[in-house]
Amino acid sequence: MIKILILEDDELFLETLEDFLCDEGFAVKCAKDGEEVLDYCFEEKYDLYLLDINVPKISGIDLLKRLREANDTTPTIYLTSHKDKDMLTKGFLSGCDDYLKKPVDLDELLLRINSLLKRSGKFKEQIELIDDLVFDVKNRRLLKAQEDLNLTSKVIDLLELFLEQKDAIVTKEMII
């Protein structure tokens, strides 16, 4: 299971992120300040960090600098309300891989998470569906009770689209 560590001091937003990511099948650990994140990082390895910048004790930027100095290359996305170019520059110079401005669209966040995980080789390999159906993401196969259903590539393309947009309306234009 993919493990994500979130640093966010806004309790309501943190709970929203945690619920959303857990529903998407990720294992999530939450921290409200930078020192807490350092403690967690020494105890366990994570597959992705989601970091706010303005948090108590150690800022997200200083935290990521420390992690990078300790040779921690975990993919990282900043989630922040900062909109100025200087902060964006500082964020990338500190070692982040991506940057999203608040308010965050959760579907966009999920796409960015999956993209980063795919590039780092940690993408979810299987998605469990209903009635013993499993979608093998890597091989683009739909399995029922471990047997390949041999769907056409167009049907698999549609299935991937529907899975990516599972909480949204899929329009005719999107299908085309």
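Residues numbered from 1 in each chain as written. Predicted model: local features only at pLDDT ≥ 70, side-chain atom pairs only at ≥ 80, totals over all residues. Heavy atoms only, no water.

Chemist: Summarise the overall build of the protein; cite the residues concerned and give the values.
Modeler: In terms of helices and strands, the protein carries 7 helices and 9 strands. Viewed in the frame of its principal axes, the protein has a C-alpha envelope of about 55 × 35 × 30 Å. When burial is assessed residue by residue, the protein has 41% of its 176 residues classed as buried. Long-range pairs, those at least 24 residues apart, make up 50% of the contacts in the protein between residues at least 6 apart in sequence. When the accessible area of the protein is evaluated, it comes to approximately 10400 Å², of which 50% is carbon and sulfur surface. Of the side-chain charges in the protein, 25 are positive and 39 negative, and the distance between the mean point of each set is 5 Å. (Helix = DSSP H or I, 4+ residues; strand = E, 2+ residues; numbered from the N terminus. Buried < 20%, exposed > 50% of the residue type's maximum accessible area, 1.4 Å probe, protein only. Contact = heavy atoms within 4.5 Å. Areas by Shrake-Rupley, 256 points an atom, 1.4 Å probe, with all protein chains shown as cover. Lys, Arg positive; Asp, Glu negative; His and termini not counted. Charge placed at Lys NZ, Arg CZ, Asp CG, Glu CD.)

Chemist: Would you mind going over the sheet that holds strand E8 (residues 141-144) in detail, with residue names and values included?
Modeler: Here 4 strands make up an open sheet; going across it, the order is E6-E7-E8-E9 and the pairing antiparallel. Of all the strands in the sheet, the pair left with one neighbour each is strand E6 (126-128) and strand E9 (147-148). In the sheet, E8 pairs with E9 via 2 bridges, with the strands oriented antiparallel. Bridge pairing in E9 places Leu143 opposite Asp148. Strand contacts of helix H6 (residues 153-164): E6, strand E7 (133-136) and E8, with the helix running at about 100° to E7, the strand carrying the most contacts. (Pairing = 2+ DSSP bridges. Axes fitted to C-alpha atoms, helices over the stretch in contact; angles between N-to-C directions.)

Chemist: Which residues make up the nonpolar core, and what are the values?
Modeler: Judged by nonpolar contacts, the single largest core of 22 residues is most densely connected at Leu50 and Ile113. Counting only elements with at least two residues in this core, the list comes to strand E1 (3-7), helix H1 (11-23), strand E2 (27-31), strand E3 (48-51), strand E4 (76-80) and helix H5 (106-119). In this structure, Leu50 is in contact with Ile4, Leu5, Ile6, Leu7, Leu21, Ile77, Leu79, Leu109 and Ile113, ignoring residues within four places of it in sequence. Judged by nonpolar contacts, the second largest core, of 21 residues, contains Ala31, Tyr40, Tyr49 and Ile58. (Core = buried A, V, L, I, M, F, W, Y, C linked by side-chain atoms within 4.5 Å.)

Chemist: Outline the state of the cysteines, supporting the account with residue identities and numerical values.
Modeler: On inspection of all chains with the given rule, the structure shows 0 disulfides. Here Cys30 stays unpaired: no disulfide links it, and the sulfur of Cys22, its closest cysteine neighbor, is 7.4 Å away. (Disulfide = S-S within 2.5 Å.)

Chemist: Can you lay out the pairing of E2 for me, pointing to particular residues and giving the numbers?
Modeler: Bridge count between E1 and E2: 5 bridges; the pairing is parallel. Across the sheet, residue Ile4 finds its bridge partner in E2, namely Val28. Between the parallel pair E1 and E2, the chain is carried across by H1, and the sense of this crossover is right-handed. (Right-handed = clockwise from strand over helix to strand, strands pointing away.)

Chemist: Tell me about H6, residues and numbers included.
Modeler: With 12 residues, H6 ought to run about 16 Å at 1.5 Å a step, and its terminal C-alpha atoms sit 16 Å apart, in line with that. Looking only at H6, the buried set comprises Ile156, Leu159 and Leu161. Buried-residue contacts for H6 involve E7, E8 and helix H7 (172-175). (Expected span 1.5 Å × (residues − 1).)

Chemist: Describe the environment of Pro56, and please don't skip the residues or the numbers.
Modeler: As for its placement among the helices and strands, Pro56 is situated in the loop between E3 and helix H3 (60-69). In this structure, the C-alpha to C-alpha distance between Pro56 and Glu15, residues 41 residues apart in sequence, is 18 Å. Here Pro56 is in contact with Asp9, Lys32, Asp33 and Gly34, once residues within four sequence places are set aside.

Chemist: I'd like to hear about the packing of H1 against H5, residue by residue, with values.
Modeler: Running from amino to carboxyl end, H1 crosses H5 at an angle of 60°, the nearest separation of the two axes being 11 Å. Here H1 lies oblique to H5, going by the angle between them. The element H1 and its partner H5 pack so that their crossing is right-handed. Contacts between H1 and H5 involve Thr16, Leu17, Phe20 and Leu21 from the first element and Leu106, Asp107, Leu109, Leu110 and Ile113 from the second. Taken together, the residues that form the contact of H1 with H5 break down as 7 nonpolar, 1 polar and 1 charged. (Parallel < 35°, antiparallel > 145°, perpendicular 65-115°, else oblique. Left-handed = near helix turned anticlockwise from the far one by under 90°. Nonpolar A, V, L, I, M, F, W, Y, C, P; charged D, E, K, R; others polar.)

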